[in-house]
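So the chains spell out like this:
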Amino acid sequence: MKTAILIGAVAGPLLASAQLHALAKDAGLLYFGTAVSPSDSNDGAYYRLSNDIKNFGQYTPDNAQKWDATEPSRGRFTYGQADSIVNRAISNKMLMRCHTLVWYSQLPGWVSSGSWTKDTMTSVMQTHISNVMGHFKGKCYAWDVVNEALEDDGTYRNNPFLKALGDSYFALSFKFAAAADPSTKLYYNDYNLEYFPVKADGAVRIAKLVQAAGVPIHGMGLQAHMTIGRTPSRENLTWTLNKYVALGLDVAYTELDVRIKNLPSNATGIQMQAKEYADIVGSCLDVPRCVGITVWGFGDAHSWIPQTFPGAGEACLFDRNSKPKPAFSSVSALLASASGKRPPWNTAASTAVAAVTKPAAATPTAA
Ligand code: G3I
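Below is a summary of the structure that appears in this document. Since we're looking at a predicted model, the values are computed, not measured.

1. Focus on the environment of Val86
Residue position: Val86 is located in helix H4 (residues 80-92). Residue classification places Val86 among the buried residues on the basis of a relative accessible area of 2%. With 50 residues separating them along the chain, Val86 and Phe136 place their C-alpha atoms 8.4 Å apart. The residues contacting Val86, other than those within four sequence positions of it, are Gln65, Met96, Phe136 and Lys139.

2. Digging into the layout of surface pockets
What the largest pocket holds in volume is close to 770 Å³. Around the largest pocket, the lining is made up of 36 residues, and of these His225, Glu255, Trp296, Trp304 and Thr308 lie nearest the centre. For the lining of the largest pocket, the secondary-structure elements that each account for two or more residues are strand E3 (31-36), strand E9 (225-227), strand E10 (250-259) and helix H12 (305-308). Partitioned by chemical class, the residues of the lining of the largest pocket number 13 nonpolar, 16 polar and 7 charged.

3. Some thoughts on unusual backbone geometry
A cis amide bond links His99 with the next residue in sequence, Thr100, at an omega value of 0°. Along the chain, Thr100 falls in strand E5 (residues 95-102). Cis geometry is found at the peptide bond from Leu263 to Pro264, where omega equals 5°. Phi is positive for Asn192, close to 65°, though the residue is something other than glycine. Along the chain, Asn192 turns up in the loop between strand E7 (185-190) and helix H9 (197-212). On the basis of relative accessibility, which here comes to 12%, the residue Asn192 falls in the buried class. Despite not being glycine, Glu314 shows a phi value in the positive range, around 45°. Examined against the element boundaries, Glu314 turns out to sit in the loop between H12 and helix H13 (326-337).

4. Here we look at the pattern of salt bridges
Scanning the model with the defined rule gives 9 salt bridges in all. In this structure, the salt-bridge partner of Lys199 is Asp152, at a minimum N-O distance of 3.0 Å. You can see Lys199 sitting in helix H9 and its partner Asp152 sitting in the loop between strand E6 (142-147) and helix H7 (160-165), a full 47 residues away along the chain. Lys243 is paired through a salt bridge with Asp201; the nearest N and O atoms lie 2.6 Å apart. Of this pair, Lys243 sits in helix H10 (residues 234-245) while Asp201 is found in helix H9, placing the two residues 42 residues apart along the sequence.

5. Section: H4
Across its 13 residues, H4 extends 18 Å between first and last C-alpha, which sits within 8% of the 18 Å expected from 1.5 Å per residue. Taken together, the buried positions of H4 are Ala82, Ile85, Val86, Arg88, Ala89 and Asn92. In an axial view of H4, the angular spread of the buried residues amounts to 155°, which keeps them on one side of the axis. For H4, the exposed residues lying more than 90 degrees away from the buried face are Gly80 and Ser91.

6. Some points on the pairing of strand E4 (residues 58-61)
Side-chain alternation along E4 places Gln58 and Thr60 on one buried face and Tyr59 and Pro61 on a second face that is also buried. Following the chain from E3 across helix H2 (residues 44-50) to the adjacent parallel E4, one finds a crossover that is right-handed. The pairing of E4 with E5 spans 2 bridges and is parallel. Bridge pairing in E5 places Gln58 opposite Leu95.

7. Some thoughts on the nonpolar core
Among the nonpolar cores identified, the biggest contains 102 residues, and Phe32, Tyr169, Tyr188, Met220, Tyr244, Leu317 and Leu335 are the most heavily contacted of them. Excluding its chain neighbours within four sequence positions, the residues that come into contact with Leu335 are Leu20, Leu23, Ala24, Ala27, Leu29, Phe32, Val281 and Leu285. Counting residues in hydrophobic clusters, the runner-up holds 8 residues, among them Tyr31, Ala142, Tyr187 and Ala252.

8. Thoughts on the packing of helix H6 (residues 118-135) against helix H8 (residues 168-180)
Running from N to C, H6 and H8 point in directions that differ by 35°, and their axes come no closer than 9 Å. Remark: the crossing between H6 and H8 carries right-handed chirality. Residues Thr122, Met125, Gln126, Ile129, Ser130 and Met133 of H6 lie in contact with H8, whose contacting residues are Tyr169, Leu172, Ser173, Phe176, Ala177 and Ala180.

9. Describing the environment of Leu193
Here Leu193 lies in the loop between E7 and H9. Separated by 32 residues in sequence, Leu193 and His225 place their C-alpha atoms 9.9 Å apart. Once residues lying within four places of it in the same chain are set aside, the contact partners of Leu193 are Lys199, Ala200, Ala203, Met220, Gly221, Leu222, Thr240 and Tyr244.

10. Focus on the site of the ligand
As a structural note, the neighbourhood of the ligand is formed by 13 residues, with Asn63, Lys66, His99, Glu148 and Glu255 the closest of them. Measuring from an oxygen atom of the ligand, one finds a side-chain N or O atom of Asn63 at 2.9 Å. In this structure, a nitrogen atom belonging to the ligand sits 2.7 Å away from a side-chain N or O atom of Glu148. Burial of the ligand by the surrounding chains reaches 48%, relative to a free accessible area of 790 Å². Looking at the shell around the ligand residue by residue, the class counts come to 3 nonpolar, 7 polar and 3 charged.

Criteria and cut-off values
- Residues numbered from 1 in each chain as written.
- Predicted model: local features only at pLDDT ≥ 70, side-chain atom pairs only at ≥ 80, totals over all residues.
- Heavy atoms only, no water.
- Helix = DSSP H or I, 4+ residues; strand = E, 2+ residues; numbered from the N terminus.
- Buried < 20%, exposed > 50% of the residue type's maximum accessible area, 1.4 Å probe, protein only.
- Contact = heavy atoms within 4.5 Å.
- 1 Å grid on protein atoms, 1.4 Å probe; cavity = no way out; pocket = protein on both sides within 12 Å on 5 of 7 lines; lining within 4 Å.
- Points joined across faces, edges and corners; volume = space filled by probe spheres on them.
- Nonpolar A, V, L, I, M, F, W, Y, C, P; charged D, E, K, R; others polar.
- Salt bridge = Lys/Arg side-chain N within 4 Å of Asp/Glu carboxyl O.
- Expected span 1.5 Å × (residues − 1).
- Arc of directions from axis to C-beta.
- Right-handed = clockwise from strand over helix to strand, strands pointing away.
- Pairing = 2+ DSSP bridges.
- Core = buried A, V, L, I, M, F, W, Y, C linked by side-chain atoms within 4.5 Å.
- Axes fitted to C-alpha atoms, helices over the stretch in contact; angles between N-to-C directions.
- Left-handed = near helix turned anticlockwise from the far one by under 90°.
- Near = heavy atom within 4 Å.
- Polar contact = N/O pair within 3.5 Å; in protein donor to acceptor, adjacent residues only side chain to side chain.
- Areas by Shrake-Rupley, 256 points an atom, 1.4 Å probe, with all protein chains shown as cover.

Read these as layout, nothing more, since geometry by itself doesn't imply function.
Next up, the structure:
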């Protein structure tokens, strides 16, 4: 989009065009991306924005690659919805973050209610991972291999995989994934890693288990489903990201949104949201191995929040009419100000390991 539009920014008026991905690349990230759904095309303005690579250089399918969509009954694989998204990314010359393989939710009944032994669950996981990753082989920059395996207190979530295999299912999942597509980056992905130190430590434990088994794991995905007033400071977020970098991993924000807890919003809330979005993006800029940022939808009309948290919402960078909000302006301004300040991704950035120094401020906890 070449037309510049004048938007009131948090720190004064800002001349900015809707070019999040272009700005992110200039600032040394690999991408600024968004979750997408096949139904996006029902909203013309939203769909047009989502297909503009200057805004979004990367897609994650919100539901189309999950187990219930790809293997609804045992051994029957269906890829129609996911193919439509991957083909859209290919024709737009965008990257794909693919999502997700081993997750307790959106599991078809035949998996969640099945009665599994160690051997039968191993076989079910291997069949699923090798078929789904095999189908998209070479088309995914990254895969979320294991998703949301932790409770907020850092213990393992009691899902069918844990029940059958104990904690060996982490390394097994990554092993099957590495065999299915050796060219993709393999991630563990979870929420509240930004808020809860014990959960963040749980994710460290999982990564170490995989590494100790001699199996590749390349990245830690922090979903970053935030709530205004509770988002940790930029400094604390940077500290958390560096915990994973210290293990030799890349990091990425994979599902960013910042919800307003009690609607209707007011001016104060909108300004807080703008600042908190910028703090999160800023922490990624501060960490050389932070690959990029993906928002979980970019328009308030398409967000998952109101359905899951009734009374909360307006969590996105654009409003219900796909018009940019102050949060869009603060993120654009921050990215623009970071232009050229770190090397482009995949050169020096991907090899630098930052020291983990705990900031003076207390590590935050969510309310
Ligand atoms: O497919 C059925 C449809 O047949 C039925 O008619 C309809 C009735 O409600 O429901 C449809 O399923 C919905 C599904 O999305 C597909 O649209 C589910 O109810 C709904 O719960 C489900 O929500 C998804 C949610 O994951 C499920 O956990 C959201 O769209 C999706 O954005 C969300 O994404 C997750 C990430 O994968 C992981 N991290 C958290 C994030 C937000 O919850």
